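Below are the chains, spelled out letter by letter.
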Amino acid sequence: MNLRPIYEKEYQELQERIAGIEKATRLHLERKIADLAMQILGVRTVATSLSHRIRSVEDQNLKLTKEWKHLEQRPDGNSLTPELQRDIEGLFRKLVEELAVLNGGGCSECRRPIADKMADFALESQGASVISSRCSQTYTSTSGCLTLFGIPLWSLFTSPRTAIQGSPILAGTCWCFVGAEGTLAVSLSHPVKITHVTVDHLPSYNSPSGDIKSAPKDFEVHGMKTQAGEGTFLGKFLYDKFGEPTQTFSLPTPTDQSYDIVELRVFSNWGQKEYTCLYRFRVHGQTDVS
């Protein structure tokens, strides 16, 4: 592996400490590898001069992937300690930062999520709209309402439209539905052969509680030509609250079918029983409409 000496030493030390690893922890690390691969894809589109560094990190990514597969054949051992997990994440972060360096300076384009480099056909300002009749009930709370002598007069809450307006991700700028299961239905701006979907959420470090239990967890995406029926299953995914705030998912099977409507069906969240929050939902793909 062709890493800088300081990273090579740190990498070797981490490898020596990974003896036994539980499946759940291994999946978390594989998610980190996937995030690194997305960073590599973004760098390729804007900084060809970094190709030699990309190859180096790709080699490391391949080696790590082989090692995780090897660990799957071994009996589960002790859980990864918080200290070791922190050190591993630190190494990944340093490698990503290394990729973002171009001619001795920072590359802001390299740090943009891959979703920002694809058209969003679920964006309201582009012509998309929510189908309210197929969306879940909005969660409302009296904590943000106007009262007179203790009687609620007007409550501040957002509608499903919030999830497709492309607003900056700030605490509270989201649509919340009741419970851990819910649906967001969107009439797309154009008929689309869908290739990816993206879910955005507030980063945990920007959350007042330091946690994002209200983030969606397990969800499915369905494509529809009309509002009638259940639509076509396009994929099942997991939003990882330990991952990046903006997470893009590839459809497992490419489709030649264009869809006018997409439904996001959430089946669980990360622990908030009363409500689940959607900050932004995006749909990417190809359209024949110019």
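Residues numbered from 1 in each chain as written. Predicted model: local features only at pLDDT ≥ 70, side-chain atom pairs only at ≥ 80, totals over all residues. Heavy atoms only, no water.

- An unreviewed UniProt entry lists the chain under the name SUN domain-containing protein 2, from Takifugu flavidus.
- Recorded under Subcellular location (unreviewed entry), the UniProt text for the chain is reproduced unchanged: "Nucleus inner membrane". (UniProt positions renumbered as here; feature names shortened; annotations may be inferred.)

1. Structural notes on the confidence of the model for the chain
- Confidence along the chain averages 78 in pLDDT terms, with 56% of residues attaining 70 or more.
- Note on residues 144–148: pLDDT under 50 across the span, and 13 contacts to partners over four residues away in sequence or across chains. (pLDDT = per-residue confidence, 0-100. Contact = heavy atoms within 4.5 Å.)

2. A closer look at the state of the cysteines
- Overall, the coordinates contain one disulfide when judged by the stated rule.
- One disulfide in the model links C176 with C277; its S-S distance is 2.5 Å. Looking down the S-S bond of the C176 and C277 bridge, the torsion is 80 degrees, so its handedness is right-handed. Of this pair, C176 sits in strand β6 (residues 175–178) while C277 sits in strand β12 (residues 275–278), placing them 101 residues apart in sequence.
- Between C174, a free cysteine, and C176, which holds the nearest cysteine sulfur, the sulfur-to-sulfur gap is 3.8 Å.
- Overall, the relative accessible area of 6% leaves C174 in the buried class. (Disulfide = S-S within 2.5 Å. Helix = DSSP H or I, 4+ residues; strand = E, 2+ residues; numbered from the N terminus. Buried < 20%, exposed > 50% of the residue type's maximum accessible area, 1.4 Å probe, protein only.)

3. Section: the environment of P216
- Of note, P216 is situated in the loop between β7 (182–200) and β8 (218–224).
- Under the relative-accessibility criterion, P216 is labelled buried at 2%.
- C-alpha of P216 to C-alpha of L278: the two residues are 62 residues apart in sequence and 7.3 Å apart in space.

4. Details of the pattern of salt bridges
- All chains considered together, the criterion is met by nine salt bridges.
- Residues R161 and E124 are paired through a salt bridge, measuring 2.6 Å at the closest nitrogen-oxygen approach. Placement of the pair is R161 in the loop between β5 (151–155) and β6 and E124 in the loop between β2 (105–106) and β3 (129–130), with a sequence separation of 37 residues.
- Taking relative accessible area as the criterion, R161 reaches 41% and is therefore assigned partly exposed.
- On the basis of relative accessibility, which here comes to 23%, the residue E124 falls in the partly exposed class.
- The residue D211 makes a salt bridge to K241 at a minimum N-O spacing of 3.1 Å. Placement of the pair is D211 in the loop between β7 and β8 and K241 in the loop between β9 (232–238) and β10 (246–250), with a sequence separation of 30 residues.
- Here the residues in one salt-bridge network are R134, E230, E263 and R265, joined through shared partners. (Salt bridge = Lys/Arg side-chain N within 4 Å of Asp/Glu carboxyl O.)

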